[in-house]
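Coordinate analysis (summary)
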Amino acid sequence: MKLRPALHVNGFLVLVAWLVLTLVFGGVAALGYIAMAQHHNVPALIGAIVASFFVLVLLLSATGLIVVNPNEAQVVQFFGRYIGSVSEPGFFSVLPLTDRERISLRVRNFETQKLKVNDADGNPVEIAAVVVYRVVDSFKAAFAVDDYEEYVQTQSEAAVRHLATTHPYDSHDEGRTSLRDGAEVAEELTVELRDRTELAGIEVLEARITHLAYAPEIAQAMLVRQQAAQVVAARTQIVEGAVGMVGLALDRLTEQGVVELDEERRATMVSNLLVVLCGDRAIQPVVNTGSLYN
């Protein structure tokens, strides 16, 4: 069984017809009972009984009038049998004596709790996400699961846990996605949630990480590690630039014939230039007035 529209007609037309027929049959029934009471007219009594029966049928038909709000669907059941859904906003009449369940089609968002999970490297992290979704199949939302809102919450937390365990908090290898890669992680989480919630007639529009941090017990140690990694990276870049500048300086001196340097003097110059370029403190120049070999 799948989603299908329920048979429905304009409620205002049905209401007008209902009022007119109720007045007609009600008047006939009243006149028949009066004629029976005054003149003992048996045919009038029979007509009154028939008119009363039609009035009862009309009263039962009034139970089929429904109001559907914008971005809402009503799932219609007739004694346990699904007969369709009405998702068009307005005033309608459906089959009488039916049960209707309202299903909101509005866009909703849900934020998971801060979950404590071990990432792919085994480090405990705290992670939370926000999920934006809406119902696109009212039949599945009503009958495929007990409570589609609770189902979305449970599946969202399960997907976030799975995401955290398959990626590291911070990747030091190129080509390896980490939890800090916002766009890629969000896309992966959205796709996984769409697969998980399709059963309940839910469309996940977006899912993003809203909180990501190391667990308190290792946060300080990981901060020191991150700082050390940044220092090493900065020093590496400084050394690479310094080596290039020293090589450029030696090449220019040789090309222009400013000074003739043997291997020992070249080594001394390289050492001095690297100290100047790579040092993190101000350098105090020392003027050598003698010979390097004395």
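Computed from a predicted model, the values in this text were never measured in an experiment.

Section: the UniProt feature "transmembrane region" (unreviewed entry) in the protein chain
In this numbering, the UniProt entry assigns the feature "transmembrane region" (unreviewed entry) to residues 12-36 and 42-68. Across residues 42-68, helical content stands at 74% and strand content at 15%; the span's end C-alpha atoms are separated by 46 Å.

Notes on the sheet that holds strand β3 (residues 72-78)
Two strands in a sheet stick together by hydrogen bonds in their backbones, pointing the same way (parallel) or opposite ways (antiparallel). With respect to topology, 3 strands assemble into an open sheet ordered β4-β3-β6, the strand pairing being antiparallel. Strand pairing shows two members of the sheet lacking a second neighbour, β4 (81-86) and β6 (99-104), which therefore form its edges. Between one strand and the next, the sheet's axes are offset by a mean angle of 25 degrees, whatever the strand orientation. With 5 bridges connecting them, β3 and β4 associate as antiparallel partners. Counted as the bridge partner of Val76 is Gly84 from β4.

Points about the packing of aromatic side chains
Counted under the stated rule, the structure contains 8 aromatic pairs. Between the aromatic rings of Tyr82 and Phe139, the centroid separation amounts to 4.8 Å while the plane-to-plane angle is 45 degrees, which identifies the pairing as tilted. Pair noted here: Tyr82 is in strand β4 and Phe139 is in helix α3 (residues 138-143), with a separation of 57 residues, a long-range link. Since its relative accessible area comes to 13%, Phe139 is described here as buried. On the basis of an interplanar angle of 50 degrees and a centroid distance of 5.3 Å, the ring pair of Phe139 and Phe143 is categorised as tilted. Of the two residues, Phe139 and Phe143 are both situated in helix α3; the distance of 4 residues between them amounts to about one turn of the helix.

Scoring rules and cut-offs
- Residues numbered from 1 in each chain as written.
- Predicted model: local features only at pLDDT ≥ 70, side-chain atom pairs only at ≥ 80, totals over all residues.
- Heavy atoms only, no water.
- UniProt positions renumbered as here; feature names shortened; annotations may be inferred.
- Helix = DSSP H or I, 4+ residues; strand = E, 2+ residues; numbered from the N terminus.
- Pairing = 2+ DSSP bridges.
- Axes fitted to C-alpha atoms, helices over the stretch in contact; angles between N-to-C directions.
- Phe/Tyr/Trp six-rings, centres within 6.5 Å; stacked < 30°, edge-to-face > 60°.
- Buried < 20%, exposed > 50% of the residue type's maximum accessible area, 1.4 Å probe, protein only.

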